[in-house]
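Letter by letter, the chains look like this.
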Amino acid sequence: MSKLKLKHASGNSMSISAPATNPDSDLELKLPSTVGASGQVLRNSSIPGTLEFGPPTNTARNLIINGAMQIAQRGTSLAATSQSSSFSTVDRWKLLWNHLGVNGIETQGDVGSSDAPYDLGFRKYHRIALASAGTASANSYIEYDYGIEAQDIATSTWDYTSASSYITLSFWFRPSTNQTFYATLRTKDGSTEYGYTFSFTATANNTWTKVTHSIPGNANLQFDNDNGPGLYLYIIPFMGTTYSGSSSLNSYRTWDGNVYCPDMATTWLTAGASTFDITGVQLEVGATATDFEHRSYTEELARCQRYYWQTPANNVLYSRQYNSGNRMITIMHPQEMRVKPDDTITCTAGSMTTWSQSGNISENNRYWQGYDGFAYDSGSVTQLSSAKFDAEL
């Protein structure tokens, strides 16, 4: 067996050995043309036989929270003629649709044991289904929306202003009827927003297919180190011509809110009771997609609760006396929320008002306080039965 020996000036050496058996043909291993940044390691790239520098493969590499679609605090299904602004089922994923001519049904579904993603550890998917064949109008749309905080991109180690530095998006999807679909990334910081769109197709109808696409940086990109929106991901089953048009693929363009993607075929939308499922969404630094980073249910739930949480069903809280004329309830958020959340408070008896005093709002990203107007000897009771807190992007 041939060896390449590198000898240190002090005398000890390190050897690189040829394969133990004769390969079928000559093998070539290409090194990167530049030196990696601090903290990066040498690893395989998406090109066979070519190495690249990038962050080590470890936990916390997936910039997407709930990419396996396992958390659904708000519920597991919604049927409506339109859903144009709200989160409804799977946490962190806003599934929007309108002007389809039929009801859309959004669900968190179960991956079957015979489905390809099952053996990779996936048990849930996020589905949009049509009650029957849809009608394609200019203002029709169906889109999965996901927002990432700017600071998570800024500190990700992605050199986003360099065209030779990449992030890689990968996900599984299953359309009932195949055609060309699109995914678009949209930046939010800086004086100009930018969009980047690529196309993808399935291997066949009703077949789970893994999509992988690497996105380069660009000198014009900006991501601030704050908790505001930095990057949006849109996965698009259908977009009418009001929101589509002439759009470059695999390159950056100045963002136009009327052009999310190129004009789309209506094959999937009009085929019948169509379905479109996604799971296993991962966005990571580097030009190569690694295995999906599975996180425990507990860890994923905690990450989701930075953006939304609600008190358990049938959980009744009673107010405590604060002073002679008011009683108060304090709720600690399970996680520090992204910003001071919007609250929806439901009481089965009495009512609560978010408390403020001398301009200092007690409701913040760590806890909420509310008060009623009852004196300690009034004999009245305030029962808080439900509290929902929303700090989504």
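Because the structure is a prediction, the values reported are computed rather than measured. (Residues numbered from 1 in each chain as written. Predicted model: local features only at pLDDT ≥ 70, side-chain atom pairs only at ≥ 80, totals over all residues. Heavy atoms only, no water.)

1. Some details on the overall build of the protein chain
Here is step 1 of the chain: Helix and strand content of the protein chain: three helices and 26 strands.
Here is step 2 of the chain: Considered along the principal axes of its C-alpha atoms, the protein chain spans approximately 90 × 65 × 45 Å.
Here is step 3 of the chain: Residues classed as buried in the protein chain amount to 46% of the 393 residues present.
Here is step 4 of the chain: Across the protein chain, every contact between residues at least 6 apart in sequence was considered, and the portion connecting residues at least 24 apart equals 72%.
Here is step 5 of the chain: For the protein chain, the computed accessible surface area is about 18600 Å², with 46% contributed by carbon and sulfur atoms.
Here is step 6 of the chain: Averaging the locations of the 26 positively and 34 negatively charged side chains of the protein chain gives two centres separated by 5 Å. (Helix = DSSP H or I, 4+ residues; strand = E, 2+ residues; numbered from the N terminus. Buried < 20%, exposed > 50% of the residue type's maximum accessible area, 1.4 Å probe, protein only. Contact = heavy atoms within 4.5 Å. Areas by Shrake-Rupley, 256 points an atom, 1.4 Å probe, with all protein chains shown as cover. Lys, Arg positive; Asp, Glu negative; His and termini not counted. Charge placed at Lys NZ, Arg CZ, Asp CG, Glu CD.)

2. Considerations on the environment of Tyr166
Here is step 1 of the chain: Relative to the helices and strands, Tyr166 is located in strand E10 (residues 166–175).
Here is step 2 of the chain: Along the primary structure Tyr166 and Pro216 are separated by 50 residues, whereas in three dimensions their C-alpha atoms are 4.3 Å apart.
Here is step 3 of the chain: Dropping the residues within four chain positions of it, Tyr166 is found in contact with Trp158, Ser214, Ile215, Pro216, Glu284, Val285, Gly286 and Ala287.

3. Some words on the sheet that holds strand E25 (residues 367–371)
Here is step 1 of the chain: One open sheet holds the four strands; their spatial order is E19-E20-E25-E22, and the pairing between them is antiparallel. Of all strands in the sheet, those bounded by a partner on one side alone are strand E19 (320–323) and strand E22 (353–354). (Pairing = 2+ DSSP bridges.)

4. Describing the nonpolar core
Here is step 1 of the chain: Formed by 63 residues in total, the largest nonpolar core has its most connected members in Trp93, Phe200 and Phe276.
Here is step 2 of the chain: Considering every element that reaches this core, the biggest residue donor is strand E14 (residues 229–239), with eight residues.
Here is step 3 of the chain: If you look at the next biggest cluster of nonpolar residues, it comprises 10 residues, including Met337, Met352, Ala387 and Phe389. (Core = buried A, V, L, I, M, F, W, Y, C linked by side-chain atoms within 4.5 Å.)

5. Things to note about the pattern of salt bridges
Here is step 1 of the chain: The final tally for this structure, using the stated rule, is 15 salt bridges.
Here is step 2 of the chain: Among the salt bridges present, the one from Arg186 reaches Glu193, with a minimum N-O distance of 2.8 Å.
Here is step 3 of the chain: The class of Arg186 is buried, set by a relative accessible area of 15%.
Here is step 4 of the chain: In the salt-bridge network here, residues are joined through shared partners; they are Asp115, Arg127, Arg174 and Asp277. (Salt bridge = Lys/Arg side-chain N within 4 Å of Asp/Glu carboxyl O.)

6. Some words on the pairing of strand E9 (residues 141–149)
Here is step 1 of the chain: Within E9, nine of the nine residues are buried, which leaves the element mostly enclosed by the surrounding structure.
Here is step 2 of the chain: The side-chain alternation of E9 yields two buried faces, one formed by Tyr141, Glu143, Asp145, Gly147 and Glu149 and the other by Ile142, Tyr144, Tyr146 and Ile148.
Here is step 3 of the chain: The pairing of strand E6 (residues 94–98) with E9 spans five bridges and is classified as antiparallel. Considered in E9, the bridge of Leu96 is made with Glu143.
Here is step 4 of the chain: When E9 meets E14, the two strands line up antiparallel, connected through eight bridges. Counted as the bridge partner of Ile142 is Phe238 from E14.

7. Quick look at the side chain of Thr279
Here is step 1 of the chain: Within the fold, Thr279 resides in strand E16 (residues 275–285).
Here is step 2 of the chain: Judged by its relative accessible area of 0%, Thr279 falls in the buried class.
Here is step 3 of the chain: A polar side-chain atom of Thr279 sits 2.7 Å from the main-chain carbonyl oxygen of Lys124.
Here is step 4 of the chain: With near-sequence residues (within four places) excluded, Thr279 lies in contact with Gly67, Ala68, Met69, Pro117, Phe122, Lys124, Tyr125, Phe171, Trp172 and Trp208. (Polar contact = N/O pair within 3.5 Å; in protein donor to acceptor, adjacent residues only side chain to side chain.)

8. Things to note about the environment of Thr184
Here is step 1 of the chain: Note that Thr184 resides in strand E11 (residues 181–187).
Here is step 2 of the chain: Residues Thr184 and Val35, spaced 149 residues apart in sequence, show a C-alpha to C-alpha distance of 31 Å.
Here is step 3 of the chain: Residues contacting Thr184, with those up to four places away along its chain left out, are Tyr196, Thr197, Tyr232, Leu233, Tyr234, Ile236, Arg253, Trp255, Tyr260 and Cys261.
Here is step 4 of the chain: A distance of 2.8 Å separates the side chain of Thr184 from the side chain of Thr197, its partner in a polar contact.
Here is step 5 of the chain: Within the structure, Thr184 has its side chain in polar contact with the backbone oxygen of Tyr260 (distance 2.7 Å).

9. Some words on the pairing of E10
Here is step 1 of the chain: Within E10, nine of the 10 residues are buried, which leaves it mostly tucked inside the rest of the structure.
Here is step 2 of the chain: As paired elements, E10 and strand E13 (residues 209–216) share eight bridges and run antiparallel to each other. From the neighbouring strand, Trp172 faces E13, where its bridge partner is Lys210.
Here is step 3 of the chain: Pairing analysis gives eight bridges linking E10 to E16, with the strands arranged antiparallel.

10. Digging into a nonpolar patch on the surface
Here is step 1 of the chain: On the surface, Leu31, Leu42 and Phe53 cluster together into a nonpolar patch covering about 290 Å² of accessible area.
Here is step 2 of the chain: Looking at where Leu42 falls in the secondary structure, it is placed in strand E3 (residues 41–44).
Here is step 3 of the chain: In this structure Leu42 comes out as partly exposed when scored by relative accessible area, which is 43%. (Patch = residues over 30% accessible without salt bridge, like charges linked within 9 Å, V, L, I, M, F, W, Y side chains within 5 Å.)

11. As for the sheet that holds E13
Here is step 1 of the chain: The strand order across the open sheet formed by six strands is E5-E7-E8-E16-E10-E13, and the pairing between neighbours is antiparallel. Both edges of this open sheet fall to strand E5 (77–80) and E13, since each of them pairs with a single strand only. The average angle at which neighbouring strand axes cross in this sheet is 25°, direction not considered. (Axes fitted to C-alpha atoms, helices over the stretch in contact; angles between N-to-C directions.)

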